[in-house]
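Coordinates in review
This is what each chain is made of:
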Amino acid sequence: MKVALLGAGHIGQTIARLLHATGDYEVTVIDKNANALSKLTAAGIKTQQVDTEDKQALAAALRGKDTVVNALPYHLAITAAHLALEAGCHYFDLTEDVAATKEIKRIAEGARTAFMPQCGLAPGFIGIVAHHLAKSFDSLHDVKMRVGALPAFPTNALKYNLTWSVDGLINEYCHPCESIHDGRAIESLPLEGLEHFSLDGTEYEAFNTSGGLGTLCETWEGKVRNLDYKTVRYPGHRDLMMFLLEDLQLKSDQEKLKDIMRKSMPATMQDVVLVFVTVSGMKNGHLLQEVFARKIFAERDEANPLSAIQITTAAGICAAVDLFREGKLPQKGFVRQEEVKLPEFLANRFGKAYQQSRQVESIG
C-alpha cells in the first residue's frame, strides 16, 4: 500500500517509523519542515518537502498514492480530506475537531474510497472501548469515558507539561462538548462538569472537553441514559485554565495563549496516558457495571525514546490503517471508530501498544 503521510511532527515521525518497519507500506512523508524530514530520510524513509498549506502542491504530492494518513494540525483536516477525495485515496486522520469530522462525513457520502477520521486516542481508542462494553448490555444506563495525557512529574502550578499539540489542546478547551443526557444528545460547555476521582492512590480531576466522543453520540442517542467524555488532569489544572481563558479573556485571543504556553511550559517525554471507561446497565435482569482502565507509560529507550501520547496516538491510527488493509473495516464511505472490533484492535501488531503496560482493571 502506497501511503502519503502528511506531517513530520512528533506523532508523524512515530507513525512513519511504525508503518515503514513492517515492510507492508511504501511510506512517503510530506511536510514543509526540512529538518524534521531529514530525520526520517536518515532512517531510510522516503520524504517529500511540500508546503502542506499549498493546495496545488499538496494535491500533486498525493497523486499515485493509495492512502492519505493525515497527522497535520486539525485546521488542515478538511483540506486534506478534500484533496484525498480528488486523488482517489483512502483517508485517515487524528482530528478531534467536531466541525472537521462533520465535513469529512459529508465528503465521504458516495465516495469510492474510505474516510476514517478520529483514529487516535480520544477520539479513537476510547470510543472503540466504550462501544465494545456498551453493546454487551441488555439496556444501558451510563457510559463514562475519561482520558488524560499527563506529565509523570508535574512541577508547575498547572501541573501540566506539553505532551502534544498546543493547537489541539486549546481547541478542545474552547469548543462546545457533545454528550447524551436523559437519552438526548446535548451540548455542554468546555471545562464544566468538574469531578474528582482516585486511581492507584493518585488523585485526579476530570472535566468536559470537546471532540473526545467522536461519533458515539450519534450512534447511541436514544439507547443510553447518559454518555459523556471528560479529560483527566491533576487537581487544580481546570481552575487555572478557567482563569486564563475566561477571567483574562484569552479565549478570544487563543494565539496569544498558545504563544505563552509554548514559551513558558516545557514539553516532556516523561508522561503517562490514563484510559478509564465505566459502563453500567442491565444484564440478565441485574444492574451491573463494567470497567476498562489502563495506564500506558513512556518508553525510555535511549536510542528512540517515545512519549506515552506518541505511542498511543500513533498506535491508534496505524492499527486503523492496518485493519483496513486486512479487509477488517469497510472499504468505502465514512468509517466510524465504533466499527473497529476491540479484540481485533488489541490483537493487531500496532494495537498491542495498549497491552504493553500494566492493566489496572480488565474488561469483563
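Description of the structure in this document. (Residues numbered from 1 in each chain as written. Predicted model: local features only at pLDDT ≥ 70, side-chain atom pairs only at ≥ 80, totals over all residues. Heavy atoms only, no water.)

**A look at the layout of surface pockets**
The condition is simple: In the cavity and pocket records, a cavity denotes points on a 1 Å grid over the protein atoms alone where a 1.4 Å probe fits but cannot get out, a pocket denotes an open set with protein on both sides within 12 Å along at least 5 of 7 lines, and lining residues are residues with an atom within 4 Å of a point. Grid points are joined across faces, edges and corners, and a volume is the space filled by probe spheres set on the points. The numbering of helices and of strands both runs from the N terminus, where a helix is a DSSP run of H or I of at least 4 residues and a strand a run of E of at least 2.
Each pocket or cavity is described by its volume, and for the second largest pocket that value is around 280 Å³. Along the wall of the second largest pocket there are 16 residues; nearest its centre are K102, E178, G214, T215 and E218. Breaking the lining of the second largest pocket down by element, the ones donating at least two residues are helix 5 (98-108), strand 9 (184-188) and helix 8 (216-220). A total of 4 residues in the lining of the second largest pocket trace back to one element, the largest contributor, which is helix 5.

**Some remarks on empty space enclosed by the protein**
Put simply, the rule reads: Put simply, Ala, Val, Leu, Ile, Met, Phe, Trp, Tyr, Cys and Pro go in the nonpolar bin, Asp, Glu, Lys and Arg in the charged bin, and everything else, Gly too, in the polar bin.
Following the criterion strictly, the structure yields 2 cavities of 30 Å³ or more and no others. The volume enclosed by the largest cavity comes to roughly 40 Å³. For the largest cavity, the full set of lining residues is P123, G124, I126, G127, G212, L213, G214, T215, L216, Q337 and E338. Its residues placed into classes, the lining of the largest cavity shows 4 nonpolar, 6 polar and 1 charged. When the residues that make up the lining of the second largest cavity are grouped by side-chain class, the tally is 2 nonpolar, 3 polar and 1 charged.

**Notes on the pairing of strand 11 (residues 202-208)**
What counts is decided by this rule: Note on exposure labels: buried denotes an accessible area under 20% of the residue type's maximum, exposed denotes more than 50%, and partly exposed covers the range between, all computed with a 1.4 Å probe on protein chains only. Two strands make a pair as long as DSSP finds a minimum of two bridges between them.
In terms of residue burial, strand 11 counts as a mostly covered element, since 5 of its 7 residues are buried. The pairing of strand 10 (residues 195-199) with strand 11 spans 5 bridges and is antiparallel. Pairing of L199 across the sheet is with T202, part of strand 11. Once strand 10 ends, the chain turns through 2 residues before running back antiparallel as strand 11, passing D200 with a positive phi of about 55°. Pairing of strand 11 with strand 12 (residues 226-233), which is carried by 4 bridges, proceeds in the antiparallel orientation. Within strand 12, the residue paired with E205 across the bridge is R233.

**Considering helix 5**
As a reminder, the rule being used: Every residue pair with non-hydrogen atoms within 4.5 Å of one another is taken to be in contact.
Taken residue by residue, helix 5 has V98, A100, T101, I104, I107 and A108 as its buried positions. Considering only its buried residues, helix 5 is in contact with helix 4 (77-87), strand 5 (90-93), strand 6 (114-116), strand 8 (177-181) and strand 15 (333-334). Among the residues trailing helix 5, G110 stands out with phi positive, at a value near 75°.

**Looking at the pairing of strand 7 (residues 139-151)**
Counted residue by residue, strand 7 has 10 buried out of 13 residues, so it is predominantly covered. Pairing analysis gives 6 bridges linking strand 7 to strand 12, with the strands arranged parallel. By the bridge assignment, V143 is partnered in strand 12 with L227.

**A word on the pattern of salt bridges**
In plain terms, the rule: Salt bridge criterion: a side-chain nitrogen from Lys or Arg within 4 Å of a carboxyl oxygen from Asp or Glu.
Counted under the stated rule, the structure contains 24 salt bridges. Between D167 and R262 there is a salt bridge, with the nearest N and O atoms lying 3.3 Å from each other. Placement of D167 in helix 7 (residues 166-174) and of R262 in helix 10 (residues 254-264) is noted, with a sequence separation of 95 residues between them. A salt bridge links R238 to E192; the shortest N-O distance between them is 3.5 Å. One end of the pair, R238, is in helix 9 (residues 237-247); the other, E192, is in the loop between strand 9 and strand 10, with 46 residues separating them in the sequence. Bridged by salt links that share partners, the residues D24, D322, R325 and R349 form one connected network.

**What to know about unusual backbone geometry**
A122 connects to P123 through a cis peptide bond whose omega is 10°. Note on placement: P123 falls in the loop between strand 6 and helix 6 (125-134). The backbone phi angle of Q249 is positive, close to 60°, even though this residue is not glycine. In this structure, Q249 sits in the loop between helix 9 and helix 10. By relative accessible area, which is 55% here, Q249 ends up exposed.

**Some words on the packing of aromatic side chains**
Put simply, the rule is: Paired rings are identified among Phe, Tyr and Trp, the last through its six-membered ring, by centres lying within 6.5 Å, and are further divided according to the angle between planes into stacked (under 30 degrees), edge-to-face (over 60) and tilted (the rest). Two thresholds decide whether a charge sits over a ring: the Lys NZ or Arg CZ must be within 6 Å of the ring centre and within 35 degrees of the ring normal.
Taken as a whole and assessed by the stated rule, the structure comprises 10 aromatic pairs. Ring-pair connections join several aromatic residues into one group, and the members of that group are F125, F292, F345 and Y354. Across from the ring centre of F137, 4.8 Å away, lies the NZ or CZ of K283, which sits over that ring.

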